[in-house]
Amino acid sequence: MFYFPDDIYLYQMNIILKIRNIFIFLFLFNLLNIPAFAQNYKDSLDLALSSIYSKSEFPGFSTIIVDKKGILYQKSLGYADMENKRVFGTHTIQNIGSVSKTFVALALMKAIEMGYFDLETDINSILPFKVKNPYFPEEQIKIKHLVTHTSGIIDNNRIYTRAYLFKHNVKTDPTVLAFMNQNGYTGGLSDTTLSTFMYSYLSDEGKLYDKANFSNSKPSESAAYSNIGSALIAYLIEIKAGMSFADFSKKYTLAPLKMNQSGWYLTPKNVKSHSLPYFDVKKKITFPLYSLITYPDGGLRTSTNELSKYVSQMMLGLEGNSTLLSKASFELIFKPQFSADKLPKNFSLKTRNKGVLWNLYNDGFIGHDGDDPGVISNVLFNKEIGIIFLSNIYLENRNEILDVMKKYGPKIKRE
C-alpha cells in the first residue's frame, strides 16, 4: 500500500496515540490493582489457614497480624465451645501460658526504672526469707539468672503441677480426671498464694522444700526452663512495690494499653467470653477451667485482639518509641544474654538466643510460645510485622500456621 505525505502524518499520529493509550491503561491498571494485590495476599493467607484448620484437630483458633499502627489482618476459625457452637473470635479470652512471662519481663523493667533493683541484685537482699541452692549454698542467685533460666531453681513437677487449680464440676469427664491424676494435676496444696508458695517451695523451712527444687549447678552454669523461677521475679516486684503483681501489671501495662478484657484471674465477667480448653476434639471433651498459684508464669487471660495492642507496642519498643518503657529498657530486654564463648550447658544458639525472658530467634523474630492443658499460644514480631496465634487445645507442633503467617505477613501492607 502506498501513502501520500498527509496519510503518513495521520498514520504516525495514530500510532503515537495508541502507544500513549496503552501506557495510560497500564498505569491505571497498576494503580487500581495495588490494593487488589494486597487483598490477594490476604486471600492466600485465608485459604492457607482454612486448609490447615480443615485437616487439623483445632476446636478453634484466632490469628492476627499487626504492624506498629495496629491490626493488618485477622482470621478466626472454629469454636470456643463446640457443644454450644460459640465461635472462637478475636475477642475470645483464654489462658496464654508462658507468653505471660513476657509481661513479667515488662514489669521487671518498669521496676528497674523505678529503682527497686537491677539485674545484678541478689534475690536474698529482697526476699523476707533466704534461698540457698543446697548443692551450692554460698553462691548468690541474682535476678539476671532468673531471666535467663540459669538460676538453679527448677520446676519439681511432683510439686509444680499441683499448683494448677482446676474448677471441677459434675461435668468433668472421667477420662480427663484420669489424665490429670496420671500427670500430677491433683491440686491439694495448702499454700495457695504466690508469696506463701514461694516461701514453702524455696525456703529450707518450707513445707514444699526439697533438694529436687534445685539443680546441681551453679548460677549461670546451666540452663533449665523454670516456671517457678519466672514467677519468683514477679514476687520480688510485689515485695518492692507493696502491691500484688496482678495490680502492678494492670497499672503499668494492661491499663495503659487499654487491655481491658485481660487479667490474671478467672472472674464471672471473663468466664462468659472464655474459650473451653479442649482435651479431645472428636469427643468434645474439655478440661475444667483453671488458674495457677504461680500465676505470673502462665496465667494471663487475654484475646488476640488485646494482644495486638501489646505486640504493636513491643514493635515500637524495638525502635525506641514505646510509651511503656524507656529506649534503654527495651534495649536491655532485647539484648542477647548469651554468646558462643559464654554459653550455659543445655542451651544451644542454633535457633535462638535469650533476652530478658524473651526468645531472640535466629530468623530475626522475637517472641515466646505458651503451652498448658487445653492451650497453645504464640507471639512473634520483628521491626515490620507482629504475629499472634491462640488456640484452645494443646498441640505440640503449630509451625505450619506460623510459617504461612511469616510467609504472607510481610506482604500485607496497610491500605
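Structure first, text after, so check above.
The following paragraphs examine the structure supplied in this document.

About the criteria used
- Residues numbered from 1 in each chain as written.
- Predicted model: local features only at pLDDT ≥ 70, side-chain atom pairs only at ≥ 80, totals over all residues.
- Heavy atoms only, no water.
- Helix = DSSP H or I, 4+ residues; strand = E, 2+ residues; numbered from the N terminus.
- Buried < 20%, exposed > 50% of the residue type's maximum accessible area, 1.4 Å probe, protein only.
- Polar contact = N/O pair within 3.5 Å; in protein donor to acceptor, adjacent residues only side chain to side chain.
- Contact = heavy atoms within 4.5 Å.
- Pairing = 2+ DSSP bridges.
- 1 Å grid on protein atoms, 1.4 Å probe; cavity = no way out; pocket = protein on both sides within 12 Å on 5 of 7 lines; lining within 4 Å.
- Points joined across faces, edges and corners; volume = space filled by probe spheres on them.
- Nonpolar A, V, L, I, M, F, W, Y, C, P; charged D, E, K, R; others polar.
- Arc of directions from axis to C-beta.
- Phe/Tyr/Trp six-rings, centres within 6.5 Å; stacked < 30°, edge-to-face > 60°.

Quick notes on the side chain of glutamate 306
With respect to the helices and strands, the residue glutamate 306 is situated in helix α10 (residues 304–318). Accessibility expressed as a relative area gives 4% for glutamate 306, which makes it buried. Separated by 3.0 Å, the side chain of glutamate 306 and the backbone nitrogen of glutamine 261 make a polar contact. In contact with glutamate 306, other than residues within four places in its own chain, are Lys258, Met259, Asn260, Gln261 and Ser262.

A few points about the pairing of strand β13 (residues 375–381)
With respect to burial, β13 is a largely interior element, seven of its seven residues being buried. Side chains Val375, Ser377, Val379 and Phe381 project from β13 onto one buried face, and the interleaved Ile376, Asn378 and Leu380 project onto a second face that is buried too. When strand β12 (residues 366–372) meets β13, the two strands line up antiparallel, connected through seven bridges. Its bridge partner lying in β13, histidine 368 is registered against valine 379. Looking at chain direction, β13 and strand β14 (residues 386–391) are connected through six bridges and run antiparallel. Within the sheet, the bridge partner assigned to leucine 380 lies in β14 and is isoleucine 387.

Some details on the environment of glutamate 331
Examined against the element boundaries, glutamate 331 turns out to sit in helix α11 (residues 327–333). Classification of glutamate 331 as partly exposed rests on a relative accessible area of 48%. Glutamate 331 sits 88 residues away from methionine 243 along the chain, and the two C-alpha atoms are 27 Å apart.

Describing unusual backbone geometry
Even without being a glycine, histidine 149 presents a positive backbone phi close to 60°. Turning to its location among the elements, histidine 149 is positioned in the loop between α3 (143–147) and α4 (157–160). You can call histidine 149 buried: its relative accessible area is 6%. The phi dihedral of lysine 284 is positive, around 55°, even though this residue is not glycine. Relative to the elements of secondary structure, lysine 284 occurs in the loop between β6 (278–280) and β7 (285–286).

Description of empty space enclosed by the protein
In this approach a probe as big as a water molecule rolls over the atoms, and the regions it shows empty are the leftover space. Within the structure shown, the criterion is met by one cavity of 30 Å³ or more. Size it by volume and the largest cavity reaches roughly 40 Å³. If you go around the largest cavity, the residues you meet are Gln94, Asn95, His274, Ser275, Pro277, Tyr290, Gly374, Val375 and Asn392. Of the residues contributing to the lining of the largest cavity, the split by class is three nonpolar, six polar and no charged.

Some remarks on helix α12 (residues 399–408)
Within α12, burial applies to Ile401, Leu402, Val404, Met405 and Tyr408. For α12, the angular spread of buried residues about the axis comes to 165°, placing them on one side.

Quick word on the packing of aromatic side chains
Inspection of every chain in the model, using the stated rule, returns 30 aromatic pairs. Ring geometry for tyrosine 164 versus phenylalanine 166: centroids 6.5 Å apart, planes at 20°, classification stacked. Exposure remark for tyrosine 164: the relative accessible area of 5% places this residue in the buried category. We classify phenylalanine 166 as buried; its relative accessible area is 12%. Between phenylalanine 245 and tryptophan 264 the ring centres are 5.5 Å apart and the planes differ by 65°, which places this aromatic pair in the edge-to-face class. Of this pair, phenylalanine 245 sits in helix α8 (residues 245–254) while tryptophan 264 sits in the loop between α8 and α9 (268–271), and the two are 19 residues apart along the sequence. Taking relative accessible area as the criterion, tryptophan 264 reaches 4% and is therefore assigned buried. In textbook terms, an aromatic cluster arises when at least three aromatic residues are bridged by ring pairs, as seen for Tyr160, Tyr164, Phe166, Phe179, Tyr185, Phe279, Phe287 and Tyr290.

Let's talk about the layout of surface pockets
As a volume, the largest pocket reaches approximately 660 Å³. What lines the largest pocket is a set of 33 residues, and nearest its centre among them are Ser98, Tyr225, Asn227, Asp371 and Asp372. Counting only elements with at least two residues in the lining of the largest pocket, the list comes to α4, β6, β10 (352–354) and β12. The dominant element in the lining of the largest pocket, judged by the number of residues it contributes, is β12, at four residues.

Shape is all these values report; function is a separate question.
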